Amino acid sequence: MQVSLQNKTVLITGGTRGIGRAMTEATAQAGANVIATYMSNEAAAQDFIGSLRSKGLKVHGIKMDVRNSQQVDEALATMESEHGPVHVLINNAGIVKDDLILSMEDEAWSDVINTNLGGVFNVTRAVARQMLRARSGNIINISSVAASRPGRGQVNYAASKGGVEAVTKALAVELAPRNVRVNCIAPGVITTDMSKDVRDAAGDKILESVLLKRFGNPEDIANMAVFMASDMSSYITGEVIHIDGGLKL
Ligand code: NDP
């Protein structure tokens, strides 16, 4: 079975590293025109985008800090003039700053909330303008198993991802009459830079709770992202799809 994303423009925040990188590659291979945003390492991001373009895939990069709503609005206007409207938005950019509640600094709280939850708001509002005009759209938010089964030291991260899941459901209700679907993918522990510290510190302990006894690969998430981005998922909205090898049980 071939899932096609031909004629779809897919915007992926944080689309050049980790899970976002795998989703950029997979959606482009399925035929989409992909715009991957990056923030910090421009040279590495451009290398990755260049390597996909050299394989004939339609991938473009744009620098954008999801915390900055003005920058997001400007970037979205540039994208629309160069590529037309976004059909599928994947809100993937995220950070962790774990700490126990008594030692958690204000900054660790606000950075995580502003990036993981504020970023979803900023980018979604900008893209929703285009989707509401088109009376069509598809938004996929990347949450986390931490929203339903948080670890110690994750009050900021769990709050941000719980917020993302609540936003997903509220937006699904609000935008369904305009033919815009909104869903969430909630990964478990996936082998990226983000989870390296926790895998190094407590990997064996975590694996005891993962029914399938392995960490996930970025591709495990990317496969679902391709399906959710396609018309094959056209009757799914307001849903949180857990991909965690059974960790949340
Ligand atoms: P990585 O740390 O590998 O990558 C994070 C990505 O987010 C990078 O592309 C980074 O861009 C981007 N990013 C961070 N802050 C900003 C910002 N302010 N503006 C724009 N982009 C930003 O993380 P993962 O790939 O592991 O995580 C991707 C998503 O999946 C996150 O939302 C994360 O919470 C979620 N997740 C991850 C899990 C895991 O085990 N890895 C488990 C559950 C959920 P750049 O590098 O260019 O700065």
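Structure: see above.
Residues numbered from 1 in each chain as written. Predicted model: local features only at pLDDT ≥ 70, side-chain atom pairs only at ≥ 80, totals over all residues. Heavy atoms only, no water.

Draft legend 1. Region of interest: the site of the ligand. The local shell around the ligand holds 28 residues, among which Arg-17, Met-39, Ser-40, Tyr-157 and Thr-192 are the closest. A distance of 3.2 Å separates an oxygen atom of the ligand from a polar atom in the backbone of Gly-14. Ser-40 has a polar side-chain atom sitting 2.6 Å from an oxygen atom of the ligand. In the complex, the protein chains occlude 95% of the 890 Å² of accessible area that the ligand would expose alone. The set of elements that each furnish at least two residues to the shell around the ligand consists of α1 (18-29) and α5 (155-175). (Near = heavy atom within 4 Å. Polar contact = N/O pair within 3.5 Å; in protein donor to acceptor, adjacent residues only side chain to side chain. Areas by Shrake-Rupley, 256 points an atom, 1.4 Å probe, with all protein chains shown as cover. Helix = DSSP H or I, 4+ residues; strand = E, 2+ residues; numbered from the N terminus.)

Draft legend 2. Representation of the sheet that holds strand β2 (residues 33-38). Spatially, 7 strands are ordered β3-β2-β1-β4-β5-β6-β7 in an open sheet, and the strand pairing comes out parallel. Each having just a single partner strand, β3 (59-63) and β7 (240-243) make up the two edges of the open sheet. On average, each strand axis in the sheet is inclined to that of its neighbour by 20 degrees, with strand direction left out of account. Bridging between β2 and β3 involves 5 bridges; their strand directions are parallel. Along β3, the bridge assignment pairs Ala-36 with Gly-61. Of the strands in this sheet, β1 (9-12), β4 (88-91), β5 (137-142) and β6 (180-187) are in contact with helix α4 (residues 106-134), which crosses β4 at around 175 degrees. Contacts between helix α7 (residues 218-229) and the sheet are confined to β4, β5, β6 and β7, with β6 contributing the most and set at about 170 degrees to the helix. (Pairing = 2+ DSSP bridges. Axes fitted to C-alpha atoms, helices over the stretch in contact; angles between N-to-C directions. Contact = heavy atoms within 4.5 Å.)

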